[in-house]
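Results of the structural survey
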Amino acid sequence: MNDDYYAAIDKMEKANVSREYVVGWASGFLQNPKLEEQRVNDAYEAGYTDGEAKNATGFDSWVGK
């Protein structure tokens, strides 16, 4: 597995980033299908988009949420 993936997840968890954002980020990074529409929220969508882009720095607005 990719060291960047684990480092990013560790960094987000230590920063207390929203769980939904982290799940979305991981799903996007791994190119998993999105959750069903009724289970998706803003944090998940933002995380998924950042994960797809391999952006491990876009989580600041989701800290503590």
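Use the structure listed above.
Report on the accompanying structure. (Residues numbered from 1 in each chain as written. Predicted model: local features only at pLDDT ≥ 70, side-chain atom pairs only at ≥ 80, totals over all residues. Heavy atoms only, no water.)

1. Overview of helix α1 (residues 3-14)
Between its first and last C-alpha atoms α1 spans 16 Å; for 12 residues at 1.5 Å apiece the expected length is 16 Å, and the two agree. Taken together, the buried positions of α1 are Y5, A8, I9 and M12. For α1, the buried positions fall inside an angular range of 100° around the axis, keeping them on one side. For α1, the exposed residues set more than 90 degrees away from the buried face come down to D3 and K14. Buried residues along α1 sit against α2 (19-29). The backbone nitrogen of D4 lies 2.7 Å from a side-chain oxygen of the residue at the head of α1, namely N2. Directly after α1, the chain includes N16, whose backbone phi takes a positive value near 60°. (Helix = DSSP H or I, 4+ residues; strand = E, 2+ residues; numbered from the N terminus. Expected span 1.5 Å × (residues − 1). Buried < 20%, exposed > 50% of the residue type's maximum accessible area, 1.4 Å probe, protein only. Arc of directions from axis to C-beta. Contact = heavy atoms within 4.5 Å. Polar contact = N/O pair within 3.5 Å; in protein donor to acceptor, adjacent residues only side chain to side chain.)

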